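Listed here are the chains, written in short residue letters.
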Amino acid sequence: MTAGATKPGQYVLTEEPPENPIKFERGISAKLRAEVLDRNGFTCQMCGLTPGEIDPATGRKVRLHLGHIKDKSLGGKIELSNLRALCSSCNQGAKNITGEKPTSIWLLSQVRRAGQEEQRAVLNWLFKKFGADG
Ligand SMILES: [Zn+2]
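Residues numbered from 1 in each chain as written. Predicted model: local features only at pLDDT ≥ 70, side-chain atom pairs only at ≥ 80, totals over all residues. Heavy atoms only, no water.

## Regarding the overall build of the chain
A tally of regular secondary structure across the chain gives 4 helices and 2 strands. Moving toward the C terminus, one meets the helices and strands of the chain in the order α-β-β-α-α-α. Classification of the 134 residues of the chain by burial places 22% in the buried group. By element, 55% of the accessible surface of the chain is carried by carbon and sulfur atoms, the whole surface being about 10,100 Å². (Helix = DSSP H or I, 4+ residues; strand = E, 2+ residues; numbered from the N terminus. Buried < 20%, exposed > 50% of the residue type's maximum accessible area, 1.4 Å probe, protein only. Areas by Shrake-Rupley, 256 points an atom, 1.4 Å probe, with all protein chains shown as cover.)

What follows is the structure in structure tokens.
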């Protein structure tokens, strides 16, 4: 895989703070990263994990990457509409999950069959996301 030579004036991150759970692809500006992550709610757009959570598939802490929706080799551009947040596993295609988002009907059906502990965890997460008054 060759990503092409660095263009003159292009900024390349050579070092990252080790405690940063979010890993970025080279060549994406800090502003664009922030926009993509904010739009995606700092959540993997395939499996729904967030940075710092333990990935049940790997047993390791989740790190977020920015992935292309349309691959670079297919002409996908580095722009907001073609980028999304993905965890390491999904970014490497390690998880067999479709790109389609779950419907609210399906989600509710899953929450209904979950145990009370799990339902409480969902409730807490929603409160955290939307606020108790939302
Ligand atoms: Zn994922």
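## Considerations on the coordination of the zinc ion
Note on metal sites: the ideal angle is 109.5 degrees for four tetrahedral donors, and 90 or 180 degrees for six octahedral donors. Surrounding the zinc ion are the protein donor atoms Cys44 (SG), Cys47 (SG), Cys87 (SG) and Cys90 (SG), at 2.2 to 2.4 Å. In this structure, the zinc ion is coordinated by 4 donor atoms arranged in tetrahedral fashion, with angles at the metal of 105 to 117 degrees. Within one chain, the residues serving as donors to the zinc ion are arranged as C-x2-C-x39-C-x2-C. With Cys47 in the loop between helix H1 (30-39) and strand S1 (64-68) and Cys90 in helix H2 (residues 88-91), this residue pair connects regions lying 43 residues apart in the sequence. (Donors = N, O, S within 2.8 Å, 3.2 Å for Na, K, Ca; no water. Tetrahedral: all angles 85-135°; square planar, octahedral: opposite > 155°, others 65-115°.)

## Details of a nonpolar patch on the surface
A surface patch of nonpolar side chains, about 380 Å² in accessible area, is lined by Val122, Trp125, Leu126 and Phe130. Within the element layout of this structure, Val122 appears in helix H4 (residues 116-130). (Patch = residues over 30% accessible without salt bridge, like charges linked within 9 Å, V, L, I, M, F, W, Y side chains within 5 Å. Salt bridge = Lys/Arg side-chain N within 4 Å of Asp/Glu carboxyl O.)

## Quick look at the environment of Leu64
Tracing the sequence through the fold places Leu64 in strand S1. Exposure remark for Leu64: the relative accessible area of 0% places this residue in the buried category. Sequence spacing of Leu64 and Leu86 is 22 residues, and the spatial spacing of their C-alpha atoms is 5.4 Å.

## Quick look at the pattern of salt bridges
Think of it this way: side chains of opposite charge can pair up when their charged atoms draw near. The final tally for this structure, using the stated rule, is 1 salt bridge. Notably, a salt bridge pairs Glu35 with Lys31, separated by 3.0 Å at the nearest N-O pair. A residue pair is termed a helical-turn pair when its members lie 3 or 4 positions apart in one helix, as Glu35 and Lys31 do in helix H1 at 4 residues.

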